[in-house]
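Listed here are the chains, written in short residue letters.
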Amino acid sequence: MKLGIVGLPNVGKSTLFNSLTKAGAESANYPFCTIDPNVGIVTVPDERLKKLGDLYHSKKVTPAVIEFVDIAGLVKGASKGEGLGNQFLSNIREVDAIVHVVRCFEDANVVHVDGNVNPIRDIETINLELIFSDIEILERRIAKASKGARNDKTLAKEVDLLNRIKEHLEDGKLAKTFETEDDEEIEWLNSYNLLTAKPVIYAANVSEDDLADDGASNEYVSKVRAHAKSEDCEAFVICAQIEQEIAELDDEEKAMFLEDLGLKESGLEKLVKASYSLLGLISYLTSGEDETRAWTIKKGTKAPQAAGKIHTDFERGFIRAEVVNYQDLLDCGSIAAAKEKGLVGLEGKEYIVRDGDNILFRFNV
């Protein structure tokens, strides 16, 4: 999974990126300190893995990973070359979802590019830049496709679609709210990789004081949550500064620190949950002496396709899947004990994999 982090300058975007990835992107109190897109790989926290790894005495435990791309702070006019311009927007065309960091804290020592804190205005500023960037992409496509559209019905149909999407964007609407007319149009729209068609997760960045009640008493957070709901997006509360402090601690210290703050989970864990929920993802597990590992798949994936995540041969030569819920396996203490209790299912090609399934695939190529 690949997530792009966007936001205005000085909203805590690079601080958050640093804390999530410990990659050390330069973070300073002035715009454009992140000159190149920073990329960091983060392992997905999953306590199930350690327990299974201990049960099997696995030599290696491999969690799922998320790739984060941190984009330089965008400003009004970025798509037209303002600030550092449109060059950064191309860096997030390949991501699965956008994490939009929104400032929901007051601090006289951290300047706001527009002079005051107003999260909805900030969201609209970024959205407008993404819209402008998408329009530019569509205009290029229209110019190219129009040349052959006179003699090609399919191309003519696509040009019509491109123009309709462009009009939709020019009305200030996002591509994700555009209504397609058939499967072919859906396929074309997906192929354009438009930024405003991507799912968005809003990260409401608050001060430490607002963290304990999850931003319930922060009016800015309420506005961001309402906005996210209207767009059918996810939103979560984070304190980038606290996340940076947590990032320096080991697991035991981290747990104590979170407890002292009255928190059940870190910002990374909240973000992972929001991402998986928004993108409809789950994890299944494989365990053995050599390795215990998490595999990320789409909800609704059938057993052969899930097996294909490990290796194409697994999907091609799929025979069956031996499936046990990870908790049942832990409770029984071994796969043999789970089999004795009838908790291991032998599943075929139509089996839909569930989150937390521990699976052994049988295949023959």
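Residues numbered from 1 in each chain as written. Predicted model: local features only at pLDDT ≥ 70, side-chain atom pairs only at ≥ 80, totals over all residues. Heavy atoms only, no water.

Hey, could you go over the nonpolar core for me, with residue numbers and the actual values?
In terms of nonpolar packing, the biggest core is built from 67 residues, with Phe68 and Tyr202 touching the most fellow members. With 6 residues, helix H9 (residues 267-279) is the largest single contributor of residues to this core. Leaving out residues up to four positions away in the same chain, Phe68 has contacts with Leu3, Ile5, Phe17, Leu20, Thr21, Asn38, Val39, Gly40, Val42 and Leu271. With 19 residues, the next largest nonpolar core counts Ile142, Leu161, Phe178 and Trp188 among its residues. (Core = buried A, V, L, I, M, F, W, Y, C linked by side-chain atoms within 4.5 Å. Buried < 20%, exposed > 50% of the residue type's maximum accessible area, 1.4 Å probe, protein only. Helix = DSSP H or I, 4+ residues; strand = E, 2+ residues; numbered from the N terminus. Contact = heavy atoms within 4.5 Å.)

Provide a residue-level description of the packing of aromatic side chains, including the pertinent values.
According to the stated counting rule, one finds 3 aromatic pairs in the structure shown. Taking the centre distance of 5.8 Å and the plane angle of 85 degrees together, the rings of Tyr284 and Phe361 count as edge-to-face. With Tyr284 in strand E8 (residues 281-286) and Phe361 in strand E12 (residues 357-363), the pair connects residues that are 77 residues apart, well separated along the chain. For Phe361, a relative accessible area of 8% corresponds to the buried category. Taken together through their ring pairs, the aromatic side chains of Tyr284, Phe318 and Phe361 make up a single cluster. Just above the ring of Tyr326 sits the side chain of Arg48; from NZ or CZ to the centre is 5.6 Å. Over the aromatic face of Phe105 sits the side chain of Arg103, whose NZ or CZ is 4.5 Å from the ring centroid. (Phe/Tyr/Trp six-rings, centres within 6.5 Å; stacked < 30°, edge-to-face > 60°. Lys NZ or Arg CZ within 6 Å of the ring centre and 35° of its normal.)

Help me get a handle on unusual backbone geometry, residues and values and all.
Glycine aside, residues mostly have negative phi angles, and peptide bonds mostly take the trans form. The phi torsion at Asn10 lies on the positive side, around 60 degrees, for a residue other than glycine. In this structure, Asn10 sits in the loop between strand E1 (2-6) and helix H1 (13-21). Positive phi outside glycine occurs at Asp214, with the angle close to 60 degrees.

For the packing of helix H7 (residues 240-247) against helix H8 (residues 251-260), give the residues involved together with the corresponding values.
At a closest axis distance of 9 Å, the pairing of H7 and H8 adopts a crossing angle of 150 degrees. Comparing the axis directions of H7 and H8 gives the class roughly antiparallel. Mapping the contact onto sequence places Ile242, Glu245 and Ile246 in H7 and Lys254, Phe257 and Leu258 in H8. Residues belonging to the contact of H7 with H8 are distributed by class as follows: 4 nonpolar, no polar and 2 charged. (Axes fitted to C-alpha atoms, helices over the stretch in contact; angles between N-to-C directions. Parallel < 35°, antiparallel > 145°, perpendicular 65-115°, else oblique. Nonpolar A, V, L, I, M, F, W, Y, C, P; charged D, E, K, R; others polar.)

With reference to specific residues and values, describe the confidence of the model for the protein chain.
In this model, the protein chain carries an average pLDDT of 87, and 90% of its residues clear a pLDDT of 70 or more. Of the regions scoring below 50 in pLDDT, residues 27-35 engages in 25 contacts with residues more than four places distant in sequence or in other chains. (pLDDT = per-residue confidence, 0-100.)

Residues and numbers for the side chain of Glu231, please.
Mapped onto the elements of the fold, Glu231 is located in the loop between helix H6 (219-230) and strand E7 (234-238). Although Glu231 is buried, it makes no salt bridge; Lys176 carries the closest opposite charge, 4.4 Å away. Within polar-contact distance, the side chain of Glu231 engages the side chain of Tyr202 at 2.8 Å. (Lys, Arg positive; Asp, Glu negative; His and termini not counted. Salt bridge = Lys/Arg side-chain N within 4 Å of Asp/Glu carboxyl O. Polar contact = N/O pair within 3.5 Å; in protein donor to acceptor, adjacent residues only side chain to side chain.)

A description of the pattern of salt bridges should follow, citing residues and the corresponding values.
Within the structure shown, the criterion is met by 27 salt bridges. Residue Glu184 pairs with Lys157 through a salt bridge whose shortest N-O separation is 2.9 Å. With Glu184 in helix H5 (residues 183-191) and Lys157 in helix H4 (residues 153-170), the pair connects residues that are 27 residues apart, well separated along the chain. Residue classification places Glu184 among the partly exposed positions, given a relative accessible area of 34%. Notably, a salt bridge pairs Glu181 with Arg164, separated by 3.5 Å at the nearest N-O pair. Highlighted residues: Glu181 in the loop between H4 and H5 and Arg164 in helix H4, separated in sequence by 17 residues. Residue classification places Arg164 among the buried residues on the basis of a relative accessible area of 19%. Through salt bridges that share partners, Asp160, Arg164, Glu181 and Glu185 make up one connected network.

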